[in-house]
Amino acid sequence: MTTLATRPAPAGSPTRGRVGRRLAVTAAAAFVLLLAVLASFALGSRPLTVDQVWHALVAPDVGEATTIVRELRMPRTALGLAVGMALAVAGVLLQALTRNPLAEPRILGISAGASFGVVLAISVFGVSTLAGYVWFGITGALGAGVLVFAVAARAREGASPVTLALVGAALDASLASIVYALLSIDARTFEEYRFWVVGGLAGRDLSVAAQVFPFVLAGLVLAALVARSLDALALGDDVARGLGHRIGLVRLGGGAAAVLLTGAAVAAAGPIAFVGLAVPHLARALVGADHRWTLALSALLGPTLLLGADVVGRLVDPPGEVPAGIVTALIGAPLLAIMVRRAKVVTA
């Protein structure tokens, strides 16, 4: 016998209407992302037509258009997709885990860990390529994330949202001071580090995207696994336990996903601002606080914002360009302010 719990919602019900609206918003976001990818291939100091881009992708030759698309724009587009997705999803996870609407990838000291790894690679090991920085950055980010969770877990109340935020802030300040000390005594390290720390997609080849892809994929899988439990976690630990969720395991899985995503993104593209902070709020304003939908939409909006910022940076002053990390801050700050003014910022 069909029960009320299993009976499908009737046509025209609020539930079906909400799902339909969310599907429409997600489909629209996917279409806008497709346009951003096309713009990333076509626009720059040397604009290309859609036909030229398509020919370069499916039937490459030795022409100028093929060289521009496959050697210059394809690597930064692929990296923009991975990094934008990683930062946005990590932002959703961190805001949910800490119950802090202002949480973003810096809050657990992960970005500082990546910065420390990069500086160490340059100053101590003499690494001078972005492909070499990536592994040190990822290692530093993972180490910082593990340290934060290990220290927070030993506190009286365990790895609570407040404890995680406090330990992360302390580690962020500590690692930042070490980084600045190393930069102040080594001019060569400072010169190489400043190119990375601005944040951007230029100068990266496909090998960088290939290096970070497994970490991003693992983080996305973990995020999908804990998405439903994050809804219960937002109601409070006691309620989540009462609903049968193992909150320690949820925090561990969500935290591991955030560390993997942030570490890979920051190591590859530098500490790009506002993607992990603004995009989750925009996603919740469009589809509500259900984390399954918020994570999916953020995974589309994050790379859209980053690729759009990268394209804008190329067009401002060709043949030079403004790094994407600067443009995301210029775009993200007003966007977040507008959302707050219109009371669209929804807490996790």
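Per chain, the residues get numbers from 1 upward, laid out in the order the sequence is written. Totals for whole chains, interfaces and linings use all residues, but because this is a predicted model, local features are given only for residues with pLDDT of at least 70 and pairs of side-chain atoms are given and counted only at 80 or more. Just so you know, side-chain values use all the structure's heavy atoms and leave hydrogens and water out.

Turning next to the nonpolar core. Ranked by size, the top nonpolar core spans 94 residues in total, and within it Leu79, Val83, Leu93, Leu108, Tyr193 and Leu230 carry the most contacts. Numbering of helices and strands runs from the N terminus, with a helix taken as a DSSP run of H or I at least four residues long and a strand as a DSSP run of E at least two residues long. The dominant element in this core, judged by the number of residues it contributes, is helix α3 (residues 64-98), at 15 residues. When near neighbours in sequence (up to four residues on either side) are disregarded, leucine 93 contacts Ala223, Val226, Leu230, Gly254, Ala257, Ala258, Leu261 and Leu295. Only buried Ala, Val, Leu, Ile, Met, Phe, Trp, Tyr and Cys residues count toward a nonpolar core, and they belong to the same one when joined by side-chain atoms within 4.5 Å. Only protein chains enter the accessibility calculation, which uses a 1.4 Å probe. A residue is then buried if its area is under 20% of the maximum for its type, exposed if over 50%, and partly exposed in between. We call two residues contacting when some pair of their heavy atoms lies within 4.5 Å.

Between 30 and 60 degrees the pair is tilted, below 30 it is stacked and above 60 it is edge-to-face, where a pair is any two Phe, Tyr or Trp rings, Trp via its six-membered ring, whose centres lie within 6.5 Å. Under the defined criterion, the tally for this structure stands at 3 aromatic pairs. Each ring, one from phenylalanine 125 and one from phenylalanine 136, has its centre 5.2 Å from the other, and the planes form 40°; the classification is tilted. In this pair, phenylalanine 125 is assigned in the loop between α4 (110-123) and α5 (130-153) and phenylalanine 136 in helix α5, connecting sequence segments 11 residues apart. For phenylalanine 125, a relative accessible area of 53% gives the class exposed. For phenylalanine 136, a relative accessible area of 26% corresponds to the partly exposed category. With a centroid separation of 5.6 Å and an interplanar angle of 40°, the aromatic rings of tyrosine 193 and tryptophan 196 are classed as tilted. Taken as a pair, tyrosine 193 and tryptophan 196 lie in helix α7 (residues 187-197) at a separation of 3 residues, close to a single helical turn. On the basis of relative accessibility, which here comes to 7%, the residue tyrosine 193 falls in the buried class.

Let us look at the pattern of salt bridges. Within this document, salt bridges are pairs made up of a side-chain nitrogen of Lys or Arg and a carboxyl oxygen of Asp or Glu, the two lying within 4 Å of each other. Taken as a whole, this structure holds 7 salt bridges when the rule is applied. Across the pair aspartate 310 and arginine 76 runs a salt bridge, and its minimum N-O distance is 2.8 Å. Residue aspartate 310 is found in helix α12 (residues 291-316), and its partner arginine 76 is found in helix α3; the two are separated by 234 residues along the sequence. Assessed through its relative accessible area of 1%, aspartate 310 is described here as buried. The partner of aspartate 310 in a salt bridge is arginine 314, with the nearest N and O atoms 2.9 Å apart. Within this pair, aspartate 310 and its partner arginine 314 are both found in helix α12, separated by 4 residues, close to a single helical turn. Take arginine 314: its relative accessible area is 4%, and that puts it in the buried class.

So, on to the side chain of serine 111. Within the element layout of this structure, serine 111 appears in helix α4. The exposure class assigned to serine 111 is buried, which follows from its relative accessible area of 7%. With residues up to four places along the chain from it excluded, the contact list for serine 111 reads Pro105, Arg106, Thr262 and Val266.

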